[in-house]
Amino acid sequence: MTAGRILVVEDDATLGMSLQQRLVLEGFAVRWARSASEAHAALKDAAPDIILSDIRLPDGDGETIMRQHFARFGLVPVIFMTAYGDIDQAVRLVRDGAVDYVSKPFDLDGLVETLHGISRRKSSGSEIGTAFSGSSAMRKIGATLLRAAEIDLPVLLLGETGTGKEVAARYVHEAGSRRNLPFVPVNCGALPADLADSLLFGHERGSFTGASGLHRGFFEEAEGGTLFLDEIGDLSPILQVKLLRVLETREFRRLGGSETRSFGARIVCATNKDLKAMVTDGLFREDLWFRINVIACKLPPLRDRGEELASLLDDIASAAAARLGYSGVIVDETAYDAAKRHSWPGNIRELINRVDRAIAMGDGRALPEAALFPEGPVQTDTGIDGSLDVNATLSEVRDAAERAHIKAALARADGSPKDAAESLGVSRTTLWEKMRRLNIGPNNS
Ligand SMILES: Nc1ncnc2c1ncn2[C@@H]1O[C@H](COP(=O)(O)OP(=O)(O)OP(=O)(O)O)[C@@H](O)[C@H]1O
């Protein structure tokens with residue numbers, strides 16, 4: 001967990017460098033802009049939690065940066081660093097919304113204390129939901145989930161693997177009145193066929209060979225909390241019928257049990273499959289689909305989340321550095337740029353895996369492009385070989401990028417789907433599904 005994201009805007013190289021180094025050591029994720037134009041570019045990429053800015057810059061001023069940022073994202077804590085002659089302006093800026101100003105030369109320890117204080121106030125008020133604050137699209141999704149949390153209807157979360165569907169499910173749970181009751185996640189795709197019934201609904205002693213004791217299933221464990229049915233598209237036809245019955249009657253029985261128990265939890269389901277197409281193909285029950293698809297919410301893939309990519313990268317890098325015992329890591333501009341060009345088939349899970357690997361293998365101080373993408377530079381156009389027609393649809397472009405990236409990962413892994421899946425940050429099943437859909441043969445042909 002980082003202490004917060006700070007954008008430092010300072011044209012003086014010595015001061016900028018020492019601020020960056022000290023703040024990284026203090027656990028902040030820091031971006032350093034050396035001019036007004038660099039600051040505007042950084043703010044387009046990601047919304048920081050705090051801005052620490054010089055007032056006079058060679059190509060503009062800190063006041064314009066603050067005003068433009070307020071207009072776009074609302075009030076963000078801003079601290080100005082002023083030279084002697086700028087104090088009147090600094091006082092006026094504090095009246096207009098800046099948190100504070102410090103006069104150069106300033107006491108760095110005092111400034112760091114102030115920054116930690118801002119960060120503590122911010123996180124104590126908004127622990128929950130930070131995953132839904134990084135861009136306007138995610139804020140809209142967060143608002144939908146908040147409404148869903150209040151009205152207690154079934155929620156269906158859609159999106160590719162690793163886009164944060166479980167994070168969203170936990171958010172719905174924690175934002176609602178059931179937050180102090182259990183949250184029970186169940187991966188329907190991983191339920192062994194012969195035990196699925198008992199795992200879901202529980203069993204009484206002696207109900208089948210090997211049932212030596214009483215077992216409470218997931219439906220019972222969820223009590224009045226939230227039952228999160230992940231990979232719902234993988235539920236067998238028999239279990240689809242059983243689930244539908246529970247949702248209709250709000251009752252169930254343990255295997256071998258005679259007592260009817262009431263089911264009081266709310267249901268949140270998720271899938272990376274096209275459930276509607278599965279209904280059309282007769283693979284998923286239409287009546288169940290209607291039951292669970294009351295409030296649907298789609299988590300966008302990471303390649304479409306350019307606005308929050310840089311802050312995600314910062315946060316994940318700081319968290320990984322902290323886990324590995326490093327005091328902080330500086331993400332290189334080359335890494336931000338390459339991340340924007342990459343197609344991220346494994347989405348945020350892939351980002352986490354790449355950053356963890358890069359930091360574990362590196363010196364714990366810097367994160368350049370080559371560490372994030374050791375397989376080689378990320379090509380422009382998300383790795384597509386340039387043979388695409390300019391009239392190609394977005395999904396054709398995406399498929400081409402995914403095909404190229406998966407083939408490259410398989411080549412690096414000497415054709416081993418297990419290793420390729422790991423480096424892509426997806427499960428082997430997801431990789432197989434993608435290979436089938438994209439016509440990639442087992443020999444990477
Ligand atoms: N906004 C976010 N910020 C930081 N980490 C995130 C965010 N969203 C998701 N993650 C992390 O990314 C990883 C994948 O998220 P999650 O398990 O919720 O995805 P999913 O869509 O449920 O994946 P799958 O379909 O494979 O089950 C997790 O480690 C999660 O903590």
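Residues numbered from 1 in each chain as written. Predicted model: local features only at pLDDT ≥ 70, side-chain atom pairs only at ≥ 80, totals over all residues. Heavy atoms only, no water.

1. With respect to the side chain of Lys 434
Inference 1: Looking at the secondary structure, you find Lys 434 in helix 19 (residues 428-437).
Inference 2: Beyond its immediate chain neighbours, meaning those up to four positions away, Lys 434 contacts Pro 345, Glu 402 and Ile 406. (Helix = DSSP H or I, 4+ residues; strand = E, 2+ residues; numbered from the N terminus. Contact = heavy atoms within 4.5 Å.)

2. Notes on helix 1 (residues 13-25)
Inference 1: The terminal C-alpha atoms of helix 1, which comprises 13 residues, lie 18 Å apart, in line with the 18 Å expected from a rise of 1.5 Å per residue.
Inference 2: Buried residues of helix 1: Gly 16, Leu 19, Gln 20, Leu 23 and Val 24, and no others. The buried side chains of helix 1 occupy one side of the element, clustering within an arc of 120 degrees when seen end-on. Facing away from the buried side of helix 1 by more than 90 degrees, the exposed set consists of Thr 14 and Leu 25.
Inference 3: Put simply, Asp 12 is the residue that caps the front of helix 1, since its side-chain oxygen is 3.0 Å from the backbone nitrogen of Thr 14. (Expected span 1.5 Å × (residues − 1). Buried < 20%, exposed > 50% of the residue type's maximum accessible area, 1.4 Å probe, protein only. Arc of directions from axis to C-beta. Polar contact = N/O pair within 3.5 Å; in protein donor to acceptor, adjacent residues only side chain to side chain.)

3. Examining unusual backbone geometry
Inference 1: Between Lys 104 and Pro 105 the backbone carries a cis peptide bond, its omega angle lying at -10 degrees.
Inference 2: Mapped onto the fold, Pro 105 is located in the loop between strand 7 (100-103) and helix 5 (108-125).
Inference 3: A positive phi angle, near 55 degrees, is found at Glu 231, a position not held by glycine.
Inference 4: Along the polypeptide, Glu 231 turns up in the loop between strand 10 (226-230) and helix 10 (237-249).

4. What to know about the site of the ligand
Inference 1: Inspection of the region around the ligand gives 14 residues, with Thr 161, Gly 162, Lys 165, Glu 166 and Arg 349 positioned closest.
Inference 2: Contact distances for the ligand include 2.5 Å between an oxygen atom and a side-chain N or O atom of Thr 161.
Inference 3: For the ligand, the accessible surface in isolation is 630 Å², of which the surrounding protein chains cover 76%.
Inference 4: A breakdown of the residues in the shell around the ligand according to their chemical character gives five nonpolar, four polar and five charged.
Inference 5: In terms of domain composition, the shell around the ligand takes at least three residues from each of domain 2 (132-298) and domain 3 (304-374). (Near = heavy atom within 4 Å. Areas by Shrake-Rupley, 256 points an atom, 1.4 Å probe, with all protein chains shown as cover. Nonpolar A, V, L, I, M, F, W, Y, C, P; charged D, E, K, R; others polar. Domains from an automatic or database assignment.)

5. Thoughts on the environment of Lys 242
Inference 1: Structurally, the position occupied by Lys 242 is in helix 10.
Inference 2: For Lys 242 and Leu 288, which are 46 residues apart along the polypeptide, the C-alpha to C-alpha distance reads 10.0 Å.
Inference 3: The contact partners of Lys 242, leaving out residues within four places of it in the chain, are Asp 197 and Phe 201.

6. Observations concerning the packing of helix 6 (residues 136-151) against helix 7 (residues 165-175)
Inference 1: Axis separation between helix 6 and helix 7 bottoms out at 8 Å; the angle between their running directions is 45 degrees. Relative to helix 7, the element helix 6 is oriented oblique. For the pair helix 6 and helix 7, the sense of crossing is right-handed. For the pair helix 6 and helix 7, the contacting residues are Gly 142, Leu 145, Leu 146 and Ala 149 in the first and Ala 168, Tyr 171, Val 172 and Ala 175 in the second.
Inference 2: For the contact of helix 6 with helix 7, the per-class residue count stands at seven nonpolar, one polar and no charged. (Axes fitted to C-alpha atoms, helices over the stretch in contact; angles between N-to-C directions. Parallel < 35°, antiparallel > 145°, perpendicular 65-115°, else oblique. Left-handed = near helix turned anticlockwise from the far one by under 90°.)

7. Structural notes on the domain arrangement of the protein chain
Inference 1: When the domains of the protein chain are assigned, the result is domain 1 (1-127), domain 2 (132-298), domain 3 (304-374) and domain 4 (379-437).
Inference 2: Using only C-alpha atoms to locate each centre, domain 2 and domain 3 end up separated by 32 Å.
Inference 3: Opposite the eight residues of domain 2 that make contact, domain 3 presents eight residues.
Inference 4: Of the roughly 700 Å² buried where domain 2 meets domain 3, counting both sides, 40% is carbon and sulfur surface.
Inference 5: One can count zero salt bridges joining domain 2 with domain 3.
Inference 6: Where domain 2 touches domain 3, the interface holds five residue pairs in polar contact (both at pLDDT 80 or more). (Buried area = accessible area lost by both parts, 1.4 Å probe. Salt bridge = Lys/Arg side-chain N within 4 Å of Asp/Glu carboxyl O.)

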